[in-house]
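Fold and contact review
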Amino acid sequence: MSHSDQRVIEQLQQLVATPSVSSTDPRWDQGNRAVVDLLAAWLVDLGFAVEIQPVSADGAKANLIATRGSGPGGLVLAGHTDTVPFDEGRWRSDPLCLTERDQRLYGLGSTDMKGFFPLALAAASTFTGTDLQQPLILLATADEESSMNGARQLVAAARPRARAAIIGEPTSLQPVRMHKGIMMESVRVTGRAGHSSNPALGNSALDGMHAVMSELLAFRLELAQRYGSAFFTVPTPTLNLGCIHGGDSPNRICSQVELHFDLRMTPDGDNASVRAEIQARLQAVAGDRGLAIELRPLVEDVSPFEETADCELVRLAERLTGHSAGAVAFATEAPFLKQLGMDTVILGPGSIDRAHQPDEYLELEQIRPCIRLLEQCIRHYCL
Ligand SMILES: [Zn+2]
């Protein structure tokens with residue numbers, strides 16, 4: 001094992017040992033600041049200027065923007081520093097202790113996606129002492145796994161800026177230029193309670209919800225026809241009726257019922273116009289039945305993402321990897337970086353099939369090819 005491989009493993013050990021779970025469940029939610037501080041110290045040693053951008057009011061959650069060189073072009077190597085919660089009892093080894101076995105590095109976040117950072121640092125260190133013509137920016141974000149508030153903060157601050165961005169999420173080193181969006185919405189139907197023996201005494205919210213669900217399922221079929229995309233394994237937008245709560249008694253007219261659903265749009269459509277269409281359809285049901293129907297987001301949505309097939313970065317990534325750029329089923333921070341004006345692809349080591357589950361690992365054999373690939377990208381955009 002070379003000196004640089006050892007350095008990569010040592011750094012990943014420290015990153016994995018520094019817990020940074022983010023979760024919408026407050027019992028799990030932690031800050032990522034200690035991970036950001038580790039990365040910042042290593043990047044300062046490599047000659048980067050580091051800026052820590054608070055994401056939470058107390059600074060326990062933060063983004064790191066580390067820059068070497070300047071100019072209007074350049075390259076961002078981006079990743080998130082948080083992990084999902086974990087079920088320690090189902091791991092064969094301590095999830096926070098990086099463990100090497102069978103040519104693999106096991107640990108929480110080893111592939112999704114703390115493992116990307118030591119590789120990006122190794123690629124950056126190749127150019128220590130070389131004058132960069134355009135900036136190389138290492139970007140490390142907070143809360144990708146929960147709210148995407150780190151990425152939202154970047155958009156609000158209009159930073160960073162560069163020609164191109166590579167997000168090192170696990171894609172087995174194959175470029176990805178598309179994913180679906182995510183919306184999670186609530187529909188609340190409010191009617192009027194009354195004795196069940198006489199329907200005229202009330203206005204059933206459950207009857208109204210039946211009409212709402214029929215409307216949503218009809219809309220789902222239309223979405224599939226209008227926004228199908230053969231690039232995806234599931235080649236249509238999906239709309240899942242996830243849970244429903246309402247009513248209290250068989251002999252009472254139900255006055256309120258609430259449904260939660262998620263909707264994952266393909267890049268051919270956009271969240272805002274789909275939401276407006278759903279809203280119009282639900283208001284028609286409300287008007288017909290004299291009910292109040294409220295549609296509201298449960299969480300802030302993530303847009304679908306598509307980078308154009310013929311952009312410089314996609315072409316470069318395809319040429320360097322020998323794979324044509326594809327689509328994935330999971331959402332990333334890519335739509336936010338694209339919104340900042342950067343050509344964006346998702347391309348990183350490890351497999352998404354290993355992420356978010358016990359015994360997550362990164363294959364050792366991904367390390368050198370990934371470093372080499374990132375070096376070539378840095379050479380293209382920064383030299
Ligand atoms: Zn991830």
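This section reports on the structure supplied with the text. (Residues numbered from 1 in each chain as written. Predicted model: local features only at pLDDT ≥ 70, side-chain atom pairs only at ≥ 80, totals over all residues. Heavy atoms only, no water.)

Attention now moves to unusual backbone geometry. Backbone geometry follows two general trends: most residues other than glycine have a negative phi, and most peptide bonds adopt the trans configuration. Here the residue pair aspartate 112 and methionine 113 is connected by a cis peptide bond, since its omega of -15 degrees sits within 30 degrees of zero. Looking at where methionine 113 falls in the secondary structure, it is placed in the loop between β5 (104-106) and α3 (116-125). Of note, the amide linkage connecting arginine 159 to proline 160 takes the cis form, showing an omega dihedral of -5 degrees. By the element assignment, proline 160 lies in the loop between α4 (149-157) and β7 (164-167). Of note, the phi angle at aspartate 102 is positive, near 55 degrees, even though the residue is not glycine. Structurally, aspartate 102 is set in the loop between β4 (99-101) and β5. (Helix = DSSP H or I, 4+ residues; strand = E, 2+ residues; numbered from the N terminus.)

Turning next to a nonpolar patch on the surface. A contiguous nonpolar patch, built from Met184, Leu298 and Val299 and spanning about 210 Å² of accessible area, is present on the exposed surface. Looking at methionine 184, the relative accessible area reads 32%, which means it is partly exposed. (Patch = residues over 30% accessible without salt bridge, like charges linked within 9 Å, V, L, I, M, F, W, Y side chains within 5 Å. Areas by Shrake-Rupley, 256 points an atom, 1.4 Å probe, with all protein chains shown as cover. Salt bridge = Lys/Arg side-chain N within 4 Å of Asp/Glu carboxyl O. Buried < 20%, exposed > 50% of the residue type's maximum accessible area, 1.4 Å probe, protein only.)

As a further point, take the coordination of the zinc ion. Six octahedral donors around a metal ideally subtend angles of 90 or 180 degrees, whereas four tetrahedral donors ideally subtend 109.5 degrees. Taken together, the protein ligands of the zinc ion are His80 (NE2), Asp112 (OD), Glu169 (OE) and Glu169 (OE), with distances of 1.9 to 2.7 Å. The coordination sphere of the zinc ion comprises four donor atoms, whose angles at the metal cover 52 to 143 degrees; the geometry is irregular. Look at where the donors of the zinc ion fall in the sequence and you get H-x31-D-x56-E. Here aspartate 112 is found in the loop between β5 and α3, whereas its partner glutamate 169 is found in the loop between β7 and β8 (176-179), with 57 residues between them in sequence. Judged by relative accessible area, aspartate 112 falls into the buried class, the value being 4%. (Donors = N, O, S within 2.8 Å, 3.2 Å for Na, K, Ca; no water. Tetrahedral: all angles 85-135°; square planar, octahedral: opposite > 155°, others 65-115°.)

Within the secondary structure, arginine 101 is located in strand β4. Of the side chains bearing the opposite charge, aspartate 359 lies closest to the buried arginine 101, which forms no salt bridge; the N-O distance is 4.1 Å. Leave out the neighbours within four places in its chain, and arginine 101 touches Arg92, Ser93, Tyr106 and Asp359. (Lys, Arg positive; Asp, Glu negative; His and termini not counted. Contact = heavy atoms within 4.5 Å.)

Taking strand neighbours across the sheet as the criterion, the three strands line up as β4-β5-β16 in an open arrangement whose pairing is antiparallel. What marks the edges here is a single partner per strand, and that holds for β4 and β16 (361-363). Taking the axes of each pair of neighbouring strands and ignoring which way they run, one obtains an average angle of 25 degrees across the sheet. Looking at chain direction, β5 and β16 are connected through three bridges and run antiparallel. Residue pairing in the sheet places arginine 104 in a bridge with glutamate 363 of β16. (Pairing = 2+ DSSP bridges. Axes fitted to C-alpha atoms, helices over the stretch in contact; angles between N-to-C directions.)

Among soluble globular proteins, nonpolar side chains are generally buried collectively. Ranked by size, the top nonpolar core spans 56 residues in total, and within it Leu39, Leu75, Leu77, Leu136 and Leu138 carry the most contacts. Top contributing element to this core by residue count: helix α9 (residues 367-382), with nine residues. Excluding anything up to four places from it in sequence, leucine 138 contacts Leu43, Phe48, Leu64, Ile65, Ala66, Leu77, Ala120 and Leu121. (Core = buried A, V, L, I, M, F, W, Y, C linked by side-chain atoms within 4.5 Å.)

Quick look at α4 now. The α-helix advances 3.6 residues per turn, and as a result positions three or four apart in sequence lie on the same side. Of all the residues in α4, the buried ones are Gly150, Ala151, Arg152 and Leu154. Structurally, α4 contributes buried residues whose contacts are with β1 (49-54), β2 (62-68), β6 (136-141) and α8 (334-339). Following α4 by one or two positions, alanine 158 has its phi on the positive side, about 55 degrees.

So, about the pairing of strand β9 (residues 183-190). As defined by bridge partners, β9 adjoins strand β11 (residues 256-264) across eight bridges and the pair is classed as antiparallel. Within β11, the position partnered with valine 189 by the bridge is valine 257. Pairing between β9 and strand β12 (residues 292-297): six bridges, direction antiparallel. Across the sheet, the residue bridging to threonine 190 is alanine 292, located in β12.

Contact pair helix α1 (residues 3-17) / α3: the axes reach a minimum separation of 8 Å and the direction vectors enclose 145 degrees. Two packed elements cross with a definite hand, and for α1 against α3 that hand is right-handed. Every residue of α3 that contacts α1 at Val8, Gln11, Leu12 and Leu15 is listed here: Phe117, Pro118, Leu119, Leu121 and Ala122. Here the residues of the contact of α1 with α3 are counted per class, giving eight nonpolar, one polar and no charged. (Left-handed = near helix turned anticlockwise from the far one by under 90°. Nonpolar A, V, L, I, M, F, W, Y, C, P; charged D, E, K, R; others polar.)

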